[in-house]
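Chain by chain, the residues run as shown.
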Amino acid sequence: MNGKPVLYRDAKTVLNVNNNAFKEKLLCGGVILNLGDACAYSCSFCYVGSMLRFHAPPVLSAYTLTHGVTLPFQKVVIRRQNAIDRLRAQLLDRKGRRRYSDDDDARVVFSSTTVDVAANMELLRETAEACNMILQHTGWHIRLLSKSNLLHLLVANEMIPSKYHHRLIFGFSTGTLHDNVAKAIESGSATVSKRLESLHWLQDNDFRTFGMICPSLPQDDYDSFSSDICAAIRVEKCEHVWAEPLNVRGESLSRTLAALRAAGLNAEANNLAAVSGAGKGKAWEDYARMTFLAHTKNIEPGKLRFLQYIDTGTAGWWGERRRLGAVLLGKTAKAKLLTAV
Ligand code: SF4
């Protein structure tokens, strides 16, 4: 699949109805849907592998035993075994009765926190099947995020019937407008220009959309970066817009630096190197603040959702800017009651 071997994990569930982390990001009402664990794409900044440090190794070891080849997490696709049957069992009891029977329960489901939901047609069909089951058996709405230009086919090709379209919200990750940068750090995904075509098709046909300016790299000119990207995603047509600098977890930073250098994008690599590394805490904080402040000029407070992990030294500055759209995350935010929910 997308040039990677496909492995399967015998997960007990595909739906998590009590996920506080993504609820705090305001991406969902605490419900997330994950049909797989390792993505068909290979973004340098992806930190899913470090999140799945307990679930993925046994699957990778089994592959090594069978094939005599050791592959890292980024080089495989992991799907969840019998994902649709698992979902049905989570939505319906043994007698086929709905477990979530309140049609007025319009919580938003977010998919996916681990894989791209539309990385190829086979995965898109699985996503459609899962969405149809959720839409049929709950009152929930579904937020779908992708780096693929196939996503809009869910509605353009009626893979999800029109009676459910008002309960779908579509978004595309667009942390850069430059196809060459995206190609370097988001290996295998659609070009940004193709993603924007899908987004615009959805907006032109009155579908609900959201923006996802993530992750964005350090810029020479933050104001023009923000105004260009906000124009490109048509902020006025987005219900909300999430934005975030690079999220440093596992090897996401070192892999992104290496990917930029390998692609000959030395200016971008130098900018990232200048704000990262030992003793560069202030430079990194400035990068986050300048990104945020630029976005506040183009995205109204009720619409902007700028994701920011804080510590005791930065809590004051960010705490005062929640009213402008800063959504604060992490242990300090929780301890100081600065999270959004
Ligand atoms: S699309 Fe998302 S889940 Fe897939 S590799 Fe990229 S960051 Fe990871």
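Look a little higher up for the structure.
Residues numbered from 1 in each chain as written. Predicted model: local features only at pLDDT ≥ 70, side-chain atom pairs only at ≥ 80, totals over all residues.

Trainee: How should I be thinking about the nonpolar core in this particular structure?
Mentor: The tendency in soluble globular proteins is for nonpolar side chains to be buried as a group. Membership of the largest hydrophobic core comes to 91 residues, with the highest contact counts inside it found for A38, C39, V109, V241 and L260. Per-element tally for this core: the top contributor is helix α5 (residues 121-137), with six residues. Aside from chain neighbours lying at most four places away, what touches V241 is F210, G211, I213, V235, I299, K303, L304 and R305. (Core = buried A, V, L, I, M, F, W, Y, C linked by C-beta atoms within 7 Å. Buried ≥ 20, exposed ≤ 12 C-beta atoms within 10 Å, placed from the backbone. Helix = DSSP H or I, 4+ residues; strand = E, 2+ residues; numbered from the N terminus. Contact = placed C-beta atoms within 7 Å.)

Trainee: How should the sheet that holds strand β6 (residues 77-80) be read in this particular structure?
Mentor: Strand pairs in the sheet, formed through backbone hydrogen bonds, run parallel or antiparallel to each other. The sheet built from three strands is open, its strands ordered β1-β6-β4 with mixed pairing. Where the open sheet ends on each side, the last strands, each with one partner, are β1 (6-9) and β4 (36-38). In this sheet, adjacent strand axes meet at a mean angle of 25 degrees when their direction is disregarded. Note that β4 and β6 share two bridges and pair antiparallel. (Pairing = 2+ DSSP bridges. Axes fitted to C-alpha atoms, helices over the stretch in contact; angles between N-to-C directions.)

Trainee: Got a minute to help me understand the sheet that holds strand β9 (residues 168-173) in this structure?
Mentor: Reading across from one edge, β2-β3-β7-β8-β9-β11-β12-β13-β14 is the order of the nine strands in this open sheet, with mixed pairing throughout. This sheet does not close on itself; its edge strands, each paired only once, are β2 (15-16) and β14 (326-329).

Trainee: Where do I start with the site of the ligand in this structure?
Mentor: For the ligand, the full set of nearby residues is C39, Y41, S42, C43, C46, V48, V115, D116 and K147. By residue class, the composition of the shell around the ligand is six nonpolar, one polar and two charged. (Near = placed C-beta within 6 Å. Nonpolar A, V, L, I, M, F, W, Y, C, P; charged D, E, K, R; others polar.)

Trainee: Got a minute to help me understand the environment of S111 in this structure?
Mentor: Position of S111 relative to the elements: it lies in strand β7 (residues 108-111). For the pair S111 and G281, spaced 170 residues apart in the sequence, the C-alpha separation amounts to 32 Å. Setting aside residues up to four positions removed in sequence, S111 forms contacts with I32, L33, V117, I142 and L144.

Trainee: Please explain the packing of helix α10 (residues 252-262) against helix α11 (residues 266-275) as it appears in this structure.
Mentor: In a packed pair of helices, the relevant descriptors are the angle between the two axes and the axis-to-axis distance. Put simply, α10 and α11 touch, their axes get as near as 8 Å, and they point 155 degrees apart. Relative to α11, the element α10 lies roughly antiparallel. Seen along the crossing, α10 lies across α11 with a hand that is left-handed. In contact with T256, L257, L260 and R261 of α10, α11 contributes N266, E268, A269, L272 and A273. The residue makeup of the contact of α10 with α11, split by class, is five nonpolar, two polar and two charged. (Parallel < 35°, antiparallel > 145°, perpendicular 65-115°, else oblique. Left-handed = near helix turned anticlockwise from the far one by under 90°.)

Trainee: So what exactly am I meant to see when it comes to the pairing of strand β8 (residues 141-146) here?
Mentor: Working note: regular strand, side chains alternate between the two faces of the sheet. Most of β8 sits inside the fold, with six of its six residues counted as buried. Neither face of β8 is open: one carries H141, R143 and L145, the other I142, L144 and S146, and all of them are buried. Note: β7 against β8, four bridges, orientation parallel. Its bridge partner being in β8, V108 is matched across the sheet by H141. As a crossover connection, the stretch from β7 through α5 into β8 is right-handed. When β8 meets β9, the two strands line up parallel, connected through five bridges. Bridged to I142 within β9 is L168. (Right-handed = clockwise from strand over helix to strand, strands pointing away.)

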